[in-house]
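These are the residues of each chain, in order.
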Amino acid sequence: MRHPNFDDLLAFLAVARERSFTKAAAKLGISQSALSHTIRAREERLGLRLLTRTTRSVSPTEVGERLLASVGQRFEEIEAELEALSELRDKPAGTIRITATENAAETILLPQLAKFLPRYPDIKVEIAVDYGLTDIVAQRYDAGVRNGEQLAKDMIAVRISPDMRMAVVGAPSYFAKTVPPNNPQELTDHNCINLRLPTHGGLYAWEFEKGKRELKVRVDGQLVFNSAHQILCAALAGLGLAYLPENTAQPYLAQGLLQRVLEDW
């Protein structure tokens, strides 16, 4: 199928509206002879005369009037839409879709959006909470926010916050029944609340660091969630130890609702 060439239609519309080859040629930035040739070629392809020409005037034929009314309106709509799009260069607008973890959404994105959104009322932001390694292109996201260690291969990343410190916490009712761990390895003897990572289907390994020493511990327990909020609620209920961002646990530590262990890690 041949792709339509709209140059000759635009040429016809210019002549039909201006009622003059001279004015239309000047508007289009071409010569009168080139414009006349373009119109004649379109009429030959249609097998219909679109313009009535005299030595003193130009006017659309009945067929030309019909084409002017139908096609002209559509081109006006296209021109109006292109003009509206060009305004976005000076006035940001549209929807931004971001995939982020709960902690990133609450502690990093929302505080910034509280300052950003009032300045740009025509921008909408959609945040989807997800712990998986989301393909932001395939899922049509504009950006993703993840912990530094949770990046998909070949993903281009930019740091947007300081390092995030984690905390191992449990409710006083949990520690009333068991001895707190003295080192990360002893977590294997405890009822730990796990986080399942949806992309790989595996459980998140708890990460620890002291000086130059780093280790990961695969913990076990009766509960597994795919949400940090649910892990927090389970820990508050005394159902096990939780591995949470320090800033998430801090308010509950201050109230005595949670107790921290392994703080030196």
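You'll find the structure just up there.
Since the structure is predicted, the reported quantities are computational estimates derived from the model, not experimental observations. (Residues numbered from 1 in each chain as written. Predicted model: local features only at pLDDT ≥ 70, side-chain atom pairs only at ≥ 80, totals over all residues. Heavy atoms only, no water.)

Visitor: Tell me about the nonpolar core, residues and numbers included.
Guide: Val-168, Val-169, Leu-187, Trp-206, Phe-208, Leu-241 and Tyr-243 are the most contacted members of the largest nonpolar core, which has 33 residues in total. The set of elements that each furnish at least two residues to this core consists of β6 (166-170), α6 (172-175), β8 (206-210), β9 (213-217), α7 (228-236), β11 (242-245) and α8 (246-254). In terms of residue count, α7 provides more of this core than any other element does, five residues in total. Within the second largest apolar cluster, 19 residues are counted, among which are Leu-9, Ala-25, Leu-35 and Phe-75. (Core = buried A, V, L, I, M, F, W, Y, C linked by side-chain atoms within 4.5 Å. Buried < 20%, exposed > 50% of the residue type's maximum accessible area, 1.4 Å probe, protein only. Helix = DSSP H or I, 4+ residues; strand = E, 2+ residues; numbered from the N terminus.)

Visitor: Can you break down the packing of aromatic side chains residue by residue, with the values?
Guide: Counted according to the given criterion, the structure contains five aromatic pairs. Ring centres of Tyr-174 and Phe-175 lie 5.5 Å apart, and the angle between their planes is 80°; this geometry places the pair in the edge-to-face category. Exposure remark for Phe-175: the relative accessible area of 11% places this residue in the buried category. Pairing Tyr-204 with Tyr-243 gives two aromatic rings, centres 6.1 Å apart and planes at 45°, and the pair type is tilted. Of this pair, Tyr-204 sits in the loop between β7 (194-195) and β8 while Tyr-243 sits in strand β11; the two residues are 39 residues apart in sequence, bridging distant segments of the chain. Per residue, the accessibility class of Tyr-204 equals that of Tyr-243, and both read buried. One cation-aromatic arrangement involves Arg-97 over Tyr-141; the distance from NZ or CZ to the ring centre is 4.3 Å. (Phe/Tyr/Trp six-rings, centres within 6.5 Å; stacked < 30°, edge-to-face > 60°. Lys NZ or Arg CZ within 6 Å of the ring centre and 35° of its normal.)

Visitor: Can you tell me about the sheet that holds strand β12 (residues 259-261), naming the residues and giving the values?
Guide: The antiparallel open sheet is built from three strands, whose spatial order is β11-β6-β12. Strands with a single pairing partner mark the edges of an open sheet, and in this sheet they are β11 and β12. Pairwise comparison of adjacent strand axes, ignoring direction, gives a mean angle of 50° for this sheet. As judged from the four bridges shared by β6 and β11, these two strands associate in the antiparallel manner. Paired with Met-166 across the two strands is Pro-245, which belongs to β11. (Pairing = 2+ DSSP bridges. Axes fitted to C-alpha atoms, helices over the stretch in contact; angles between N-to-C directions.)

Visitor: Provide a residue-level description of unusual backbone geometry, including the pertinent values.
Guide: As a rule of thumb, non-glycine residues mostly have phi less than zero, and peptide bonds are mostly trans rather than cis. Look at Arg-19: it is not a glycine, yet its phi comes out positive at around 60°. Relative to the helices and strands, Arg-19 is located in the loop between α1 (7-18) and α2 (21-28). Phi is positive for Leu-262, which is not a glycine, with a value near 60°. Residue classification places Leu-262 among the buried positions, given a relative accessible area of 8%.

Visitor: Lay out the pattern of salt bridges in plain terms, naming residues and giving numbers.
Guide: In this structure the tally under the stated criterion is 13 salt bridges. One salt bridge in this structure joins Glu-126 and Arg-97, with 3.4 Å as the shortest N-O distance. One end of the pair, Glu-126, is in strand β4 (residues 123-129); the other, Arg-97, is in strand β3 (residues 94-100), and 29 residues separate them in sequence. With a shortest N-O distance of 3.1 Å, Arg-159 and Asp-163 are connected by a salt bridge. (Salt bridge = Lys/Arg side-chain N within 4 Å of Asp/Glu carboxyl O.)

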